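# Understanding the architecture of this molecule
Each chain, letter by letter, is given below.
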Amino acid sequence: MPEYEFVDVYLPRGVSRKETTRLLTDHAEYGHWELYRLSLLRDGSRRVRLRRRIIRQVRATW
């Protein structure tokens, strides 16, 4: 079963769709994050949860 780490990003009401897209694209491209959940709140702000897979190194036995 893969393990993931999560990060929550809060975007206030004044942030446009274009800026939101750019921000999430940068997170995906440079931080290897993927969109897990996006919630549009009643006041117009967005709460975004991103995740990325944790890759564990297995020690080699000699």
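Reference entry: report on the structure contained in this document. (Residues numbered from 1 in each chain as written. Predicted model: local features only at pLDDT ≥ 70, side-chain atom pairs only at ≥ 80, totals over all residues. Heavy atoms only, no water.)

## Structural notes on the nonpolar core
Our working definition: Among the buried residues, those of types Ala, Val, Leu, Ile, Met, Phe, Trp, Tyr and Cys that are joined through side-chain atoms within 4.5 Å form a nonpolar core. Only protein chains enter the accessibility calculation, which uses a 1.4 Å probe; a residue whose area is less than 20% of its type maximum is buried, one above 50% is exposed, and one in between is partly exposed. Under the scheme used here, helices are H or I runs from DSSP no shorter than 4 residues and strands are E runs no shorter than 2 residues, and both carry numbers assigned from the N terminus. Contact criterion: two residues are considered in contact whenever any of their non-hydrogen atoms come within 4.5 Å of each other.
In this structure, V9, L11, L24, W33, V48 and L50 together form the largest nonpolar core, which totals six residues. Elements represented by at least two residues in this core include exactly β1 (3-11) and β3 (46-54). If sequence neighbours within four positions are ignored, L11 has contacts with T20, L23, S45, R46 and V48.

## Details of the pattern of salt bridges
Just so we agree on the cut-off: Whenever a carboxyl oxygen of Asp or Glu lies within 4 Å of a side-chain nitrogen of Lys or Arg, that contact is scored as a salt bridge.
Counted under the stated rule, the structure contains five salt bridges. For E34, the salt bridge goes to R51, with nearest N and O atoms at 2.6 Å. Taken as a pair, E34 in strand β2 (residues 34-40) and R51 in strand β3 lie far apart in primary sequence, 17 residues in all. Given the relative accessible area of 38%, E34 is considered partly exposed.

## Comments concerning the packing of aromatic side chains
Rules: For Phe, Tyr and Trp, rings pair up if their centres lie within 6.5 Å, where Trp contributes its six-membered ring, and each pair is then called stacked (planes under 30 degrees apart), edge-to-face (over 60) or tilted (otherwise). Charge-over-ring contacts are defined here by two conditions on Lys NZ or Arg CZ: a distance within 6 Å of the ring centre and an angle within 35 degrees of the ring normal.
Counted by the stated rule, this structure contains one aromatic pair. Seen from their ring centres, F6 and Y36 are 5.2 Å apart, and the 65° between their planes marks the pair as edge-to-face. With F6 in strand β1 and Y36 in strand β2, this pair connects stretches of sequence that are 30 residues apart. Positioned above the aromatic ring of Y4, the side-chain terminus of R51 is 4.1 Å from the ring centre.

## Quick notes on helix α1 (residues 17-31)
Helical periodicity: at 3.6 residues per turn, an α-helix aligns residues three or four positions apart in one direction. Going by this rule: What a helix is expected to span follows from its residue count: subtract one and scale by 1.5 Å. It is the directions from the helix axis to the C-beta atoms whose arc is reported.
Its 15 residues give α1 an end-to-end C-alpha distance of 20 Å, which sits within 8% of 21 Å, the value for a rise of 1.5 Å per residue. Among the residues of α1, T20, L24 and G31 are the ones counted as buried. Burial along α1 is one-sided: seen end-on, the buried residues are contained in an arc of 75°. With respect to the buried face of α1, the exposed residues turned more than 90 degrees away are K18, R22 and Y30. Looking at the residues trailing α1, positive phi occurs at H32, about 60°.

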